[in-house]
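Coordinates in review
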Amino acid sequence: MGTTTEQIDTWRRVDSEHQSLEFKEAKLQFDSRKLSEYCVAIANEGGGHILLGVTDRPPRAIVGTQAFRDPVATAERLLDVVGFRVDIDEVAHPDGRVLVFHVPSRPRGTAYHLDGKYLMRSGEALVPMSEDRLRALFSEGKPHWLSESARQGLSDTDVVHLLDSHSYFDLSGLPYPATRNAVLDRFEREGLIAREPAGYVITRLAAILFAKQLEQFEALGRKAPRVIVYDGKGKLHTRRERTVSKGYAASFNELEQFIDLQTPAEEVIEHGLRREVRMYPTIAIRELVANALIHQDFAVGGGSVMVEIYEDRIEVSNPGQPGVQPERFIDEYRARNEQLADFMRRFGICEEKGSGVDKVVHAAEQFRLPAPEFCVDTVRTTCILYGHRPFTEMSRADRIRACYQHCCLRYVTREPMTNQSLRWRFGLGDERAETASRILREASEAGLIKLKDPSSSSKKFARYVPYWA
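Residues numbered from 1 in each chain as written. Predicted model: local features only at pLDDT ≥ 70, side-chain atom pairs only at ≥ 80, totals over all residues. Heavy atoms only, no water.

As for the environment of glycine 46
The residue glycine 46 is located in the loop between α2 (32-44) and β2 (48-52) in this model. For glycine 46, a relative accessible area of 43% translates into the label partly exposed. For the pair glycine 46 and serine 105, spaced 59 residues apart in the sequence, the C-alpha separation amounts to 4.3 Å. (Helix = DSSP H or I, 4+ residues; strand = E, 2+ residues; numbered from the N terminus. Buried < 20%, exposed > 50% of the residue type's maximum accessible area, 1.4 Å probe, protein only.)

Laid out in structure tokens, this is it:
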């Protein structure tokens, strides 16, 4: 394909490895099996390039590679193993020999596997694709669940009776039209409804956003978010329960306010004025609920977004597994339901730029709360927001998790984590530097953080970045 030395130098200057680029030093050799796995993973992510003979950390020096001395034979072996053609360029760069593997994208609606494993990348690791990610790939080209019909054969009166059109115009900051036809025309231009010979069709997207009652639409009643308040730390005694059956956009503020009122609060006096302070930051609850609504897997039957409030924590969960690994929630973003996310962004409910979890973690730090915990099982994704707990009562796992999240948050704001910044995170004084050092050491041993400069011998001024940085 004629890769030039100028192209290689351009690739070397990118800020970080991403889905379409992978650098490997491979001075003497590179494992053939690992090469096949990377080809499959990169193809599943839309295709890209693997460069051997280039270090993977900036400034990415070219060290040259002796691996795969016969590129033609290597390409033939790859074709036999992975089942698709990977072109290889052997480039005589002034600083050394570089091999460039041009990996094509998978065909639309399919995914490649190696011995039954559908692979993708997560940082520097290769991991199996989640079930819902595979389902999304195989469904490409088919109508999205939200684009399908929720009700059809309707009159204009039926449409305005079933949908809260006033909420749409209020959230859009637009005056309400003077005629019903103008309302319907607007909804039709937005793709929320369609006009057919047999009558109007209301899409599932329109119902999910603006239904006056989700139960009036087949298969959508179970998609209404539920809020359950328990007495104590378990599920034995339910104090209050509420199902919000209106569309998500039409009822989001109502849902957020109801949840906020169920959380513990205390009165404080500032400047002679008494005010109420909630245990949990409102911004964190808002972001978690919005994320759960937007990123849920609608194809999972019998499940809805759940907000469960306990004495010492709040658990927000949604059906489906995430498209990225939980430990990468802070720095990666992949929208599952892009149409829904777009509308929620336009209405000011979310930002659709991957900053939701950042805000949750930042708010937890500001309130000196334990680090949020993200859990994934076979059918649900859950975020746990813990109530206040003194540092002395935090477990080792709590402290390591907080350390890793603090490190990620600092990294995405272009600041490394230090002993001092970690002490601020936990509210520790300067005299507790050794305590912070121990947490840093434990997080490093757990493989979650690493030194920004491995050659530095200073512990006092050491700077840390996430393991994937």
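That was the structure; now back to the text.
Structural notes on helix α11 (residues 338-346)
Burial in α11 covers these residues: Leu340, Ala341, Phe343 and Met344. For α11, the angular spread of buried residues about the axis comes to 165°, placing them on one side. Each element contacted by the buried residues of α11 is listed here: α8 (204-210), α9 (248-262) and α10 (282-295). Count one or two residues on from α11 and you reach glycine 348, which has phi positive near 80°. (Arc of directions from axis to C-beta. Contact = heavy atoms within 4.5 Å.)

Focus: the nonpolar core
One finds Leu163, Ile202, Ile208, Leu209, Phe217, Met344 and Ile449 to be the most contacted residues of the largest nonpolar core, which totals 93 residues. Ranked by residues supplied to this core, first place goes to α10 with eight residues. Contacts of phenylalanine 217, omitting those with residues within four sequence positions, involve Ala150, Arg151, Leu162, Leu163, Ile202, Ala207 and Ala211. With 25 residues, the next largest nonpolar core counts Phe30, Leu35, Ala41 and Ile50 among its residues. (Core = buried A, V, L, I, M, F, W, Y, C linked by side-chain atoms within 4.5 Å.)

Concerning the pattern of salt bridges
In total, this model carries 31 salt bridges according to the counting rule given. Here aspartate 9 and arginine 12 are joined by a salt bridge, their closest N and O atoms 2.7 Å apart. Here aspartate 9 and its partner arginine 12 are both found in helix α1 (residues 5-12), three residues apart, which amounts to about one turn of the helix. A residue is classified by how much of its surface remains accessible, and arginine 12, at 18% relative accessible area, is buried. Residue glutamate 45 pairs with arginine 121 through a salt bridge whose shortest N-O separation is 3.1 Å. With glutamate 45 in the loop between α2 and β2 and arginine 121 in strand β5 (residues 119-122), this residue pair connects regions lying 76 residues apart in the sequence. Overall, arginine 121 belongs to the buried group, its relative accessible area being 11%. Each of Glu22, Lys24, Glu45 and Arg121 takes part in a single network of salt bridges with overlapping partners. (Salt bridge = Lys/Arg side-chain N within 4 Å of Asp/Glu carboxyl O.)

Overview of the packing of α2 against helix α3 (residues 71-82)
It is the contact of α2 with α3, at a shortest axis distance of 10 Å, that shows an interaxial angle of 65°. Once α2 is placed against α3, the crossing between them reads as right-handed. Seen from α2, the contacting residues are Leu35, Ser36, Cys39 and Val40; seen from α3, they are Thr74, Leu78, Val81 and Val82. Within the contact of α2 with α3, the residues separate by chemical class into six nonpolar, two polar and no charged. (Axes fitted to C-alpha atoms, helices over the stretch in contact; angles between N-to-C directions. Left-handed = near helix turned anticlockwise from the far one by under 90°. Nonpolar A, V, L, I, M, F, W, Y, C, P; charged D, E, K, R; others polar.)

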